[in-house]
Amino acid sequence: MRIGELAATVGVTPRTVRHYHHEGLLPEPDRLANGYRDYTLRHAVALARIRRLTELGLGLAEVRDVLADDTGRDLVEVLEELDQDLARQETAIRDRRARLRALLDSDGPLPDDAPLSPELAALFARTAPPAGSPSAARDREMLALIDTGAAPEDRRRLLARLTAVVASPASMALTTEAYAVLDALAGADPADPRVDEAARRLAACVPRELLPDAIDVDQDNGLLRALYADVDPAQGEAFRRALRLLGERGA
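These numbers come from a predicted model, not from an experiment.

How should the overall build of the protein be read in this particular structure?
If you tally the helices and strands in the protein, you get 12 helices and zero strands. Starting at the N terminus, the α and β elements of the protein follow one another as α-α-α-α-α-α-α-α-α-α-α-α. Across the 251 residues that make up the protein, the buried fraction comes to 28%. Sequence separation of 24 or more characterises 59% of the internal contacts of the protein that already satisfy a separation of 6 or more. For the protein, the accessible surface area stands at approximately 15,800 Å², while carbon and sulfur atoms represent 54% of it.

Here it is as structure tokens:
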């Protein structure tokens with residue numbers, strides 16, 4: 001058989017056959033005197049098996065493991081791994097659909113920061129930020145950013161602790177006061193004496209259990225650099241001093 005006939009027999013394209021040759025999955029046949037490859041029935045059988053394996057979802061490296069004689073990875077082992085991977089994908093899809101359904105079933109317009117994880121959305125639903133406070137709005141944006149980038153277990157741990165914080169009226173009063181002091185620094189000089197007060201209030205809002213093991217305010221942290229660039233200089237200085245106070249508290 002010519003390559004086109006082989007490809008048509010198995011239901012793939014000649015380009016796919018050449019790719020399998022390149023990847024070492026399908027051995028190349030001998031060439032005839034005219035230079036054409038001469039494919040046999042065994043090539044068609046091997047190509048058909050490769051197609052069936054890829055249609056199950058196996059990658060070419062996994063197909064190579066199944067076809068090789070010396071890897072020790074038989075088809076059952078590879079298929080079990082594939083089944084586990086598909087189960088993880090099913091779980092992820094169910095979670096995504098649940099988040100979509102929660103958004104679609106919500107009353108009123110969706111918030112500007114939607115969609116959020118169900119945990120953070122529930123937290124935000126319990127806390128109404130001070131009206132017109134840029135610092136409060138930025139705080140929610142930062143939480144949404146952390147929520148997006150955090151590992152699932154880290155996200156659950158953080159949001160569980162934050163939920164305990166917002167359940168305390170005293171903690172929420174401290175936070176509201178800190179937002180007001182921080183907002184008042186807009187346009188101020190970093191040497192303004194109110195910066196120290198803002199730093200103390202910011203540090204007082206953060207419970208000990210939310211502190212990392214170590215805080216290095218001077219480390220080359222891209223997220224901190226972006227935060228400082230996004231706020232007024234006096235507000236950025238208040239954040240720096242607050243982090244130093246939190247570092248001293250943690251130590």
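Please clarify how the packing of aromatic side chains should be interpreted in this entry.
Any pair of aromatic rings gets described here by the distance separating the centres and the angle formed by the planes. Scanning the entire structure with this criterion turns up zero aromatic pairs. Over the aromatic face of tyrosine 36 sits the side chain of arginine 2, whose NZ or CZ is 4.1 Å from the ring centroid. We note arginine 240 situated over the ring of tyrosine 228; from NZ or CZ to the ring centre the distance is 3.9 Å.

What exactly am I supposed to notice about helix 1 (residues 3-10) here?
Since the α-helix packs 3.6 residues into each turn, any two residues three or four apart lie on the same face. The set of residues buried in helix 1 consists of Ile3, Leu6, Ala7 and Val10. Buried residues of helix 1, seen end-on, are gathered within an arc of 95° and therefore sit on one face of the element. Opposite the buried face of helix 1, by more than 90 degrees, sit the exposed residues Ala8 and Thr9. On its buried face, helix 1 is in contact with helix 2 (14-23) and helix 3 (41-55). Of the residues trailing helix 1, glycine 11 is marked for its positive phi of about 90°.

Would you mind showing me how to read the packing of helix 7 (residues 134-149) against helix 8 (residues 152-166) here?
In helix packing, the relevant descriptors are the interaxial angle and the interaxial distance, both defined with respect to the helix axes. Relative to each other, helix 7 and helix 8 sit at 150°, their axes nearing to 9 Å. Contacts between helix 7 and helix 8 involve Leu143, Ile146, Asp147 and Thr148 from the former and Arg155, Leu158, Leu159 and Leu162 from the latter. Broken down by class, the residue content of the contact of helix 7 with helix 8 amounts to five nonpolar, one polar and two charged.

Just checking my understanding: could you explain the packing of helix 7 against helix 11 (residues 222-230) for this structure?
Two elements in contact, helix 7 and helix 11, have axes separated by 13 Å at closest approach and are oriented at 160°. With respect to helix 11, the element helix 7 is oriented roughly antiparallel. Considering the relative orientation of helix 7 and helix 11, their crossing is right-handed. Contacts from Arg138, Met142 and Leu145 of helix 7 reach helix 11 at Leu223, Leu227 and Asp230. Among the residues forming the contact of helix 7 with helix 11, the class breakdown is four nonpolar, no polar and two charged.

Cut-offs applied
Residues numbered from 1 in each chain as written. Predicted model: local features only at pLDDT ≥ 70, side-chain atom pairs only at ≥ 80, totals over all residues. Heavy atoms only, no water. Helix = DSSP H or I, 4+ residues; strand = E, 2+ residues; numbered from the N terminus. Buried < 20%, exposed > 50% of the residue type's maximum accessible area, 1.4 Å probe, protein only. Contact = heavy atoms within 4.5 Å. Areas by Shrake-Rupley, 256 points an atom, 1.4 Å probe, with all protein chains shown as cover. Phe/Tyr/Trp six-rings, centres within 6.5 Å; stacked < 30°, edge-to-face > 60°. Lys NZ or Arg CZ within 6 Å of the ring centre and 35° of its normal. Arc of directions from axis to C-beta. Axes fitted to C-alpha atoms, helices over the stretch in contact; angles between N-to-C directions. Nonpolar A, V, L, I, M, F, W, Y, C, P; charged D, E, K, R; others polar. Parallel < 35°, antiparallel > 145°, perpendicular 65-115°, else oblique. Left-handed = near helix turned anticlockwise from the far one by under 90°.

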